[in-house]
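Structural overview for review
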Amino acid sequence: AGGTFTVSNPALEPQRAETVEAGGSGAWGALGWEAAVYRIAVDDEVDFDPATFTYRNIGRSLHTGVETTARWTAAVVQPFLSYAFSRVIAREGEDSGGQLKNVPRHLLRAGIAASLPAGLRGEVVASRMFGRYADDANRFPLEDGVLLDLRLERDFGPLTARLDVLNAAGVHNDAIGFTLPDFSGGEAPYVYPGPRRAVRFGVAYRP
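Structure report, in brief.

Analysis parameters
- Residues numbered from 1 in each chain as written.
- Predicted model: local features only at pLDDT ≥ 70, side-chain atom pairs only at ≥ 80, totals over all residues.
- Heavy atoms only, no water.
- Pairing = 2+ DSSP bridges.
- Helix = DSSP H or I, 4+ residues; strand = E, 2+ residues; numbered from the N terminus.
- Axes fitted to C-alpha atoms, helices over the stretch in contact; angles between N-to-C directions.
- Buried < 20%, exposed > 50% of the residue type's maximum accessible area, 1.4 Å probe, protein only.
- Contact = heavy atoms within 4.5 Å.
- Patch = residues over 30% accessible without salt bridge, like charges linked within 9 Å, V, L, I, M, F, W, Y side chains within 5 Å.
- Areas by Shrake-Rupley, 256 points an atom, 1.4 Å probe, with all protein chains shown as cover.
- Salt bridge = Lys/Arg side-chain N within 4 Å of Asp/Glu carboxyl O.

The next subject is the sheet that holds strand β10 (residues 159-166). Think of a sheet as strands paired side by side through backbone hydrogen bonds, with each pair either parallel or antiparallel. Taken in spatial order, the 9 strands of this open sheet run β1-β2-β5-β6-β7-β8-β9-β10-β13, and their pairing is antiparallel. The sheet is open, and its two borders are formed by β1 (16-28) and β13 (198-205), each paired with just one other strand. Geometrically, the sheet is characterised by an average inter-axis angle of 15° between neighbouring strands, direction not taken into account. Where strand β5 (residues 61-72) meets strand β6 (residues 77-90), 11 bridges bridge the pair, whose relative direction is antiparallel. Across the sheet, residue Thr69 finds its bridge partner in β6, namely Ser82.

What follows is about the environment of Tyr190. Within the secondary structure, Tyr190 sits in strand β12 (residues 187-193). When its relative accessible area of 40% is taken as the criterion, Tyr190 is described as partly exposed. For Tyr190 and Leu180, which are 10 residues apart along the polypeptide, the C-alpha to C-alpha distance reads 7.5 Å. With near-sequence residues (within four places) excluded, Tyr190 lies in contact with Ile176, Gly177, Phe178 and Leu180.

On the surface, Leu116, Leu152, Phe156, Leu159, Leu163, Val199, Phe201, Val203 and Tyr205 cluster together into a nonpolar patch covering about 890 Å² of accessible area. For the nonpolar patch, the elements supplying multiple residues, two or more each, are β9 (147-156), β10 and β13. As for its position among the elements, Leu152 is in strand β9. We classify Leu152 as partly exposed; its relative accessible area is 35%.

As enumerated under the stated definition, the model contains 13 salt bridges in all. Lys101 is the partner of Asp47 in a salt bridge, and the nearest nitrogen-oxygen pair spans 2.5 Å. You can see Asp47 sitting in strand β3 (residues 46-49) and its partner Lys101 sitting in the loop between β6 and β7 (106-115), a full 54 residues away along the chain. Classification of Lys101 by relative accessible area gives buried; the value is 19%. Notably, a salt bridge pairs Arg139 with Asp135, separated by 3.3 Å at the nearest N-O pair. Here the residues in one salt-bridge network are Arg121, Glu153, Asp155 and Arg162, joined through shared partners.

Right, here's the structure in full:
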């Protein structure tokens, strides 16, 4: 028969956070490195509720993590490797201590950047995420695959033209997920798949 529903939430409170970060960078010969650690305590964290199509406050959470990168800079072909560890947990409620939904616990990237003929620069990056879930209780893991991204760019004076091919191998992966109540009184996972392959073109201007 039709009907209406409200997507605004007048009871929504601002999200607040206390953040501590530290980092460093350096080089051992041709090997350059960067590292950072952080801790973020969030109160009244805002999240989207797919059951009501509104944003709501989900309570308090704690974000802690480490990000590292290493790159070899001595040759025309420059390999690099990065790793990020992210522990994002609720600090209260029945799901306290579990990884919050859609946030990967581990993110690993490896790639090669190279200077090519005709002033072109190319980059190949393989990435893999681990430890993602569609729910805060961590009952429904999301599917992750090794994604291969390609980039080709060239400078034209102050302009830089860039062409990206994302997920060039067409690997299936879950982009985001969430859960909704089912008819038996439990929960059922719903997942948005990531694009099997995507092409993106952009131009940047630097005066």
